[in-house]
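These are the residues of each chain, in order.
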Amino acid sequence: MKVRFLALSLVLAGALSAQGPGPRSLTPPTAAEVLQRQVDFLTKFYSLTTAQVGPVTTIVSTEQSCLPTSAAMRTAREALATAIKTNTKVSDAVTALNTLQGDQESCRATAASGIYALLDSTQQMKGIGPLLAAGGRGAGRGPRGGPPPKQ
């Protein structure tokens, strides 16, 4: 009988400890929170000095303001899906989406270039992967979701 209670308590303890952290907030982060997270990540990854944090914050803020909105990207993707389903004006929908994606990549590359120029040679040896990452799951990673390639 005592063995059953011991086994039951061990199984319950194992199951409870295997649970992840509590529920996340369902509200999306504000632009300021996204900016702070990105700057904090770059500060930690590249070991930025206090003199570098200010210019990096400005560059990241400028990058955020020039990126196409998620609503515009979603609308372009939905328009492409509709064009494919109805077999009408697919090339126009592709062109519209490509334009937004090109603007997005141009924005990111310009910001990455500005930040990379601020880094010293030791920091530059860590690569440019984090500067080009989009921030989502798997963004800026290799083809199988691994770490970003060394540049």
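In case you missed it, the structure is sitting above this.
Now for a look at the structure at hand. All values reported here derive from a predicted model rather than from experimental measurement.

A look at the environment of Q64
Part 1: Within the element layout of this structure, Q64 appears in helix α3 (residues 50-66).
Part 2: The exposure class assigned to Q64 is partly exposed, which follows from its relative accessible area of 24%.
Part 3: It is 9.7 Å that separates the C-alpha atoms of Q64 and Q104, two residues lying 40 residues apart in sequence.
Part 4: Discounting residues that sit within four places of it in the chain, Q64 has contacts with A31, V34, L35 and Q38.

Structural notes on helix α5 (residues 90-118)
Part 1: Look at α5: 42 Å from first C-alpha to last across 29 residues, which is about the 42 Å you get at 1.5 Å a residue.
Part 2: Lining the buried residues of α5 we find α2 (31-46), α3, α4 (70-86) and α7 (129-132).

Some words on the nonpolar core
One broad trend across soluble globular proteins is that nonpolar side chains are buried collectively.
Part 1: Among the nonpolar cores identified, the biggest contains eleven residues, and these are L35, V39, L42, Y46, L48, V56, V60, A112, I115, L119 and L131.
Part 2: Contributions of two or more residues to this core are made by α2, α3 and α5.
Part 3: With four residues, the top contributor of residues to this core is α2.
Part 4: Dropping the residues within four chain positions of it, L48 is found in contact with L42, T43, V53, V56, L119 and Q123.

Looking at the packing of α4 against α5
Part 1: Relative orientation of the contacting elements α4 and α5 amounts to 155°, with a least axis distance of 8 Å. Viewed along their axes, α4 and α5 adopt a mutual orientation that is roughly antiparallel. Crossing geometry of α4 relative to α5 is assigned as left-handed. Note on element contacts: α5 touches α4 through V90, A93, V94, L97, L100, Q101 and Q104, opposite A72, M73, A76, R77, A79, L80, A83 and I84.

As for α2
Part 1: The terminal C-alpha atoms of α2 lie 22 Å apart, and with 16 residues this matches the ideal 22 Å at 1.5 Å per residue to within 8%.
Part 2: For α2, the set of buried residues is L35, V39, L42 and Y46. Within α2, the buried residues cover an arc of 65° as seen down the axis, which keeps them to one side. Facing away from the buried side of α2 by over 90 degrees, the exposed positions are R37 and K44.
Part 3: Its buried side turned inward, α2 meets α3, α5, α6 (121-124) and α7.
Part 4: Residue S47 follows α2 closely and has a positive phi angle near 55°.

Cut-offs and rules
- Residues numbered from 1 in each chain as written.
- Predicted model: local features only at pLDDT ≥ 70, side-chain atom pairs only at ≥ 80, totals over all residues.
- Heavy atoms only, no water.
- Helix = DSSP H or I, 4+ residues; strand = E, 2+ residues; numbered from the N terminus.
- Buried < 20%, exposed > 50% of the residue type's maximum accessible area, 1.4 Å probe, protein only.
- Contact = heavy atoms within 4.5 Å.
- Expected span 1.5 Å × (residues − 1).
- Core = buried A, V, L, I, M, F, W, Y, C linked by side-chain atoms within 4.5 Å.
- Axes fitted to C-alpha atoms, helices over the stretch in contact; angles between N-to-C directions.
- Parallel < 35°, antiparallel > 145°, perpendicular 65-115°, else oblique.
- Left-handed = near helix turned anticlockwise from the far one by under 90°.
- Arc of directions from axis to C-beta.

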